[in-house]
Each structure stands twice: as structure tokens, then as C-alpha cells.
Amino acid sequence: MKRILAVDDAVSLRNMLCDCLRGAGHDVYEAGNGQEALDQLKAHKPDIVITDLTMPVMDGLDFIEAARKEPEGQGLPMLLLTTETADRLKQRARAVGATGWLTKPFDPDQVLKLVDQLT
């Protein structure tokens, strides 16, 4: 069982992701934006983070960049789960420390496989 932080401002998508992860037996913590995710990261020290890109308050890229500066974010796998496919965004994601990029709608088997591989 892994501790996973799921970050998405779209409640329905976050619920689908959380249901998928919990159904596989993982402990899942939730956040609706990057600032909430930073708070959850420090409180729960997850084994992996799966975050949306476009969110209010703090987007996924700014969250990953800020998280990498925290002790809890050092070496932590962080995946972006988004509808975006632009190369410039993927390049920025790599530059700020994202571990990988998944596109919505997500394949539950792919997400669970990545969680197993990266944790």
C-alpha cells in the first residue's frame, strides 16, 4: 500500500482517480490546487503525487517546482495528469522536475502500473 497525493480542481475527475487508487488498496490524500497540495505534501509525506496541470491558486507546474524545494519533495515521483499535449508545456514540466506526463482521460491500468513502477 502506497500513500498517494491526488491533485485536481475538478472534483469528478479527482474522485475517479481516487476511486481507482483506493480500489487498488492505496491510501489517497486529496487536494484541489497546488497550494493545498503543498500543505498535504508536508502533512502526509506521500510516496507519489499525481497532479493536474491547470488549476486555480497554484497550477501543477508551479506546485511541482515549489514541492521540489521542500524536503518532502526531494526525489518524490510526481506525475502530471492533464488534457494538455503541447511540447512547450512538457519541456517546462521536465525543467521543474516532473517525473512523467499522462493525458486525460486516463487509463486506470496505466496509472496503477506507473504507481507500482515509480514507488
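Residues numbered from 1 in each chain as written. Predicted model: local features only at pLDDT ≥ 70, side-chain atom pairs only at ≥ 80, totals over all residues. Heavy atoms only, no water.

**What to know about the UniProt feature "modified residue: 4-aspartylphosphate" (unreviewed entry) in the chain**
Line of reasoning, step 1. Mapped onto the present numbering, the UniProt feature "modified residue: 4-aspartylphosphate" (unreviewed entry) falls on D52.
Line of reasoning, step 2. Mapped onto the elements, D52 comes out in the loop between β3 (48-51) and α3 (60-68).
Line of reasoning, step 3. Among residues more than four places away in sequence, those in contact with D52 are V7, D8, D9, G60, L80, L81, T82 and K104. (UniProt positions renumbered as here; feature names shortened; annotations may be inferred. Helix = DSSP H or I, 4+ residues; strand = E, 2+ residues; numbered from the N terminus. Contact = heavy atoms within 4.5 Å.)

**Side note on the packing of α3 against helix α4 (residues 87-96)**
Pairs of packed helices are described in terms of their axes, by the angle between the two and the distance that separates them.
Line of reasoning, step 1. Remark: α3 packs on α4, axes separated minimally by 9 Å, with the N-to-C direction vectors making an angle of 15 degrees. Relative to α4, the element α3 lies roughly parallel. Every pair of crossing elements has a handedness; the one defined by α3 and α4 is left-handed. Listed contacts from α4 to L61, D62, I64, E65 and R68 of α3 are L89, R92, A93 and V96. (Axes fitted to C-alpha atoms, helices over the stretch in contact; angles between N-to-C directions. Parallel < 35°, antiparallel > 145°, perpendicular 65-115°, else oblique. Left-handed = near helix turned anticlockwise from the far one by under 90°.)

**Looking at helix α1 (residues 11-23)**
Line of reasoning, step 1. Compared with the 18 Å implied by 1.5 Å per residue over 13 residues, the 18 Å span of α1 between its first and last C-alpha is a close match.
Line of reasoning, step 2. Turning to α1, the residues buried within the fold contact β1 (3-7), β2 (27-31), β3, β4 (78-82) and α5 (108-118).
Line of reasoning, step 3. Among the residues trailing α1, G25 stands out with phi positive, at a value near 95 degrees. (Expected span 1.5 Å × (residues − 1).)

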